[in-house]
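# Results of the structural survey
The residues making up each chain are set out below.
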Amino acid sequence: AGTYSTIRNFPTKSVLMEETYGPKHLVVLQHGFLGHAGDVMLLRNILAMEFPTSTLFLCATSNAGETKSVESIDVMGQRLALEVVEYCRGMICCL
């Protein structure tokens, strides 16, 4: 819905931009206390169905496990930030 204009079924500007430049959003999903990346997979799958081409998803793993998810917010935030940077670097190489 909303991806094509009503006049002759031409793609809208946003669809053309998406096809030209690829995904334009990154959604980072971080599990909660004592969790792991699998805890957010259902949410990721639902979001991916809603935004199939405009969004990349990262189910963070850097704070997974019993020992890593009980550390200070500063430590966990730094670990998550590094994971996001590495993910983005990897995506730039692949685009």
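Overview of the structure. Keep in mind it's a predicted model, so treat the numbers as computed, not measured.

## Things to note about the pairing of strand 2 (residues 55-59)
- Within strand 2, four of the five residues are buried, which leaves the element mostly enclosed by the surrounding structure.
- With five bridges joining them, strand 1 (residues 25-29) and strand 2 adopt parallel strand pairing. Across the sheet, Val27 pairs through a bridge with Phe57, a residue of strand 2.
- Tracing the backbone out of strand 1, into helix 2 (residues 41-50) and back to the parallel element strand 2 gives a crossover that is right-handed.

## Describing the side chain of Glu83
- Summarising the element assignment, Glu83 is placed in helix 3 (residues 73-94).
- Although Glu83 is buried, it makes no salt bridge; Arg79 carries the closest opposite charge, 7.6 Å away.
- Within the local environment of Glu83, its side chain forms a polar contact with the backbone nitrogen of Thr61, the two atoms lying 2.9 Å apart.
- Other than its neighbours up to four places away in sequence, Glu83 contacts Leu58, Cys59, Ala60, Thr61 and Ser62.

## A closer look at the pattern of salt bridges
- Here the structure, examined in full by the defined rule, presents two salt bridges.
- A salt bridge links Arg79 to Glu71, with the nearest nitrogen and oxygen atoms 2.6 Å apart.
- In this structure, Arg89 engages Glu86 in a salt bridge whose closest nitrogen and oxygen atoms are separated by 2.9 Å. In this pair, Arg89 and Glu86 both sit in helix 3, three residues apart, roughly one turn of the helix.
- By relative accessible area, which is 48% here, Glu86 ends up partly exposed.

## Examining the side chain of Ser62
- Here Ser62 is to be found in the loop between strand 2 and helix 3.
- Judged by relative accessible area, Ser62 falls into the buried class, the value being 11%.
- Here the side chain of Ser62 touches Glu83 through a polar contact of 2.6 Å, side chain to side chain.
- Each residue touching Ser62, except ones within four places of it in the same chain, is listed here: Lys68, Arg79, Leu80 and Glu83.

## Some thoughts on the environment of Val40
- Mapped onto the elements of the fold, Val40 is located in the loop between strand 1 and helix 2.
- Its relative accessible area of 11% is what places Val40 among the buried residues.
- For the pair Val40 and Ala60, spaced 20 residues apart in sequence, the C-alpha separation works out to 9.0 Å.
- Setting aside anything within four residues of it in sequence, one finds Val40 in contact with Leu29, Gln30, His31 and Cys59.

Basis of the calculations
Numbering of residues begins from 1 in every chain and follows the order in which that chain's sequence is written. The model is predicted, so local features are restricted to residues of pLDDT at least 70 and side-chain atom pairs to those at 80 or more, both for listing and for counting; the totals for chains, interfaces and linings are taken over all residues. The side-chain figures draw on all heavy atoms in the structure; neither hydrogens nor water molecules are used. Note on exposure labels: buried denotes an accessible area under 20% of the residue type's maximum, exposed denotes more than 50%, and partly exposed covers the range between, all computed with a 1.4 Å probe on protein chains only. Secondary structure elements follow DSSP: runs of H or I of four or more residues count as helices, runs of E of two or more count as strands, with numbering from the N terminus. Two strands make a pair as long as DSSP finds a minimum of two bridges between them. Whether a crossover is right-handed depends on one test, that the path from the first strand over the helix to the second runs clockwise when the strands point away from the viewer. His is not counted, nor are the chain ends; Lys and Arg add positive charge and Asp and Glu add negative charge. Here a salt bridge means any side-chain nitrogen of Lys or Arg lying within 4 Å of a carboxyl oxygen belonging to Asp or Glu. For this analysis, a polar contact is any N or O atom pair within 3.5 Å, provided that within protein one partner can donate a hydrogen and the other can accept it, and provided that sequence-adjacent residues contribute only side-chain to side-chain pairs. Contacts were defined at the residue level, with two residues in contact if any of their heavy atoms lie within 4.5 Å.

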